[in-house]
Amino acid sequence: MSESSVARRIARHLLRIQAVSFSPDAPFTWASGLRSPVYCDNRITISYPDVRRDICEAFQDALQARSDIPEVIAGTATAGIPHAAWLADRLDLPMIYVRSRPKGHGSGSQIEGRLLAGQSVVVIEDLVSTGGSSRHVVEALRDAGARVASVLAIFSYELDAADRTFTDLDVPLHTLTRFQELFDAAREMGTLTEASIGSILEWRANPQQWSDQHI
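In this report, the structure presented in the accompanying data block is examined. (Residues numbered from 1 in each chain as written. Predicted model: local features only at pLDDT ≥ 70, side-chain atom pairs only at ≥ 80, totals over all residues. Heavy atoms only, no water.)

**Some thoughts on the nonpolar core**
Then, number 1: The biggest cluster of nonpolar side chains holds 43 residues, and the ones touching the most others in it are L14 and Y157.
Then, number 2: Tallying contributions element by element places helix α2 (residues 49–65) first for this core, with 6 residues.
Then, number 3: Ignoring anything within four residues of it in the chain, the contact list for Y157 reads W30, V38, Y39, C40, L127, V128, S129, F179, W203 and R204.
Then, number 4: Within the second largest apolar cluster, 21 residues are counted, among which are V98, V137, L141 and F166. (Core = buried A, V, L, I, M, F, W, Y, C linked by side-chain atoms within 4.5 Å. Buried < 20%, exposed > 50% of the residue type's maximum accessible area, 1.4 Å probe, protein only. Helix = DSSP H or I, 4+ residues; strand = E, 2+ residues; numbered from the N terminus. Contact = heavy atoms within 4.5 Å.)

Next up, the structure:
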């Protein structure tokens, strides 16, 4: 299956299970503080066996297409952990997970599991907005001596801020589906009202300006 077919299929999955919400009149606030008329909660995917199987297979295909099979699969805490576990099991590889910051008790670890210096790692994210969480994970892995081969995510909002983050990190990002495929699928499926389409397109053109106007 081509990448574009996979992107459309995953986008329709996310809409069908209502992992995506559109609310231009009552915007969502992301962890980054940005206000948005769109919110994608990919934690919901773990409750749907057919969806999580498709995601796992698509991650595997993405790695194999790029000859990018790592030595370790890393999940981002918490939403990336289950998908990393399923992928690691499918590939018969070790798995670790990485907290956003070191835990405040016990050993104070940020990386859980066994990671050896010099090992190549692929990071699994549930989604990418500005890339801030990916930066924390990549930097923690590098501090531990790992080589981060790439980041794989189920969905990306396709924000310029994320492009800058991954360029700065010098780490390839591959996403199974993106905002444009999601938006197109939502229109095809009748998920969006005509009134909301204009507002969402305004946000997509300038997310920061739209956010500032909807505080």
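Here the narrative resumes.
**A few points about the packing of helix α1 (residues 3–16) against helix α6 (residues 179–188)**
Then, number 1: Between α1 and α6, the least distance of the axes is 9 Å, while the angle of their chain directions is 60°. Here α1 is positioned oblique relative to α6, judged by the angle of their axes. Both α1 and α6 take part in a crossing whose hand is right-handed. Of the residues in α6, those in contact with A7, A11, R12, L14 and L15 of α1 are E181, L182, A185, A186 and E188.
Then, number 2: Along the lines of polarity and charge, the residues of the contact of α1 with α6 split into 7 nonpolar, no polar and 3 charged. (Axes fitted to C-alpha atoms, helices over the stretch in contact; angles between N-to-C directions. Parallel < 35°, antiparallel > 145°, perpendicular 65-115°, else oblique. Left-handed = near helix turned anticlockwise from the far one by under 90°. Nonpolar A, V, L, I, M, F, W, Y, C, P; charged D, E, K, R; others polar.)

**Points about the layout of surface pockets**
Then, number 1: The computed volume of the largest pocket comes to approximately 610 Å³.
Then, number 2: As for the largest pocket, its lining consists of 29 residues, and the residues nearest its centre are A31, D126, L127, S129 and S133.
Then, number 3: When contributions to the lining of the largest pocket are tallied by element, the ones reaching two or more residues are β4 (38–40), β8 (120–128) and α4 (132–143).
Then, number 4: Considering every element that reaches the lining of the largest pocket, the biggest residue donor is α4, with 5 residues.
Then, number 5: Considering only residue class, the lining of the largest pocket consists of 11 nonpolar, 13 polar and 5 charged.
Then, number 6: What the second largest pocket holds in volume is close to 230 Å³. (1 Å grid on protein atoms, 1.4 Å probe; cavity = no way out; pocket = protein on both sides within 12 Å on 5 of 7 lines; lining within 4 Å. Points joined across faces, edges and corners; volume = space filled by probe spheres on them.)

**Some points on α4**
Then, number 1: For α4, with 12 residues, the first-to-last C-alpha span of 17 Å sits near the 16 Å given by 1.5 Å per residue.
Then, number 2: Of all the positions in α4, only S134, V137, V138, A140 and L141 are classed as buried. One side of α4 holds all its buried residues, which, seen down the axis, span an arc of 160°.
Then, number 3: Taken together, the buried residues of α4 touch β5 (72–76), β6 (95–98), β7 (111–112), β8, β9 (147–156) and α5 (160–169).
Then, number 4: Immediately beyond the C-terminal end of α4, within one or two residues, lies G145, with a positive phi of roughly 95°. (Expected span 1.5 Å × (residues − 1). Arc of directions from axis to C-beta.)

**Focus on the pattern of salt bridges**
Then, number 1: Enumeration over the complete set of coordinates arrives at 11 salt bridges.
Then, number 2: A salt bridge links E3 to R66, with the nearest nitrogen and oxygen atoms 2.9 Å apart. Taken together, the residues span a long stretch of sequence, with E3 in helix α1 and R66 in the loop between α2 and β5 at a distance of 63 residues.
Then, number 3: For E3, a relative accessible area of 47% gives the class partly exposed.
Then, number 4: Salt bridges here are not isolated pairs; linked through shared partners, they connect R135, E139 and D168. (Salt bridge = Lys/Arg side-chain N within 4 Å of Asp/Glu carboxyl O.)

**What to know about the packing of aromatic side chains**
Then, number 1: For the coordinates displayed, the defined rule picks out 7 aromatic pairs.
Then, number 2: An aromatic cluster is present here, built from W30, F155, Y157, F179, F183 and W203 joined pairwise through their rings. (Phe/Tyr/Trp six-rings, centres within 6.5 Å; stacked < 30°, edge-to-face > 60°.)

**Considering unusual backbone geometry**
Then, number 1: A cis geometry characterises the amide bond from A77 onward to T78, with omega recorded as 0°.
Then, number 2: Within the secondary structure, T78 is located in the loop between β5 and α3 (81–91).
Then, number 3: For S67, which is not a glycine, the phi torsion comes out positive at approximately 50°.
Then, number 4: Mapped onto the elements of the fold, S67 is located in the loop between α2 and β5.
Then, number 5: Classification of S67 by relative accessible area gives exposed; the value is 69%.
Then, number 6: Phi at D170 takes a positive value of approximately 60°, unusual for a residue other than glycine.

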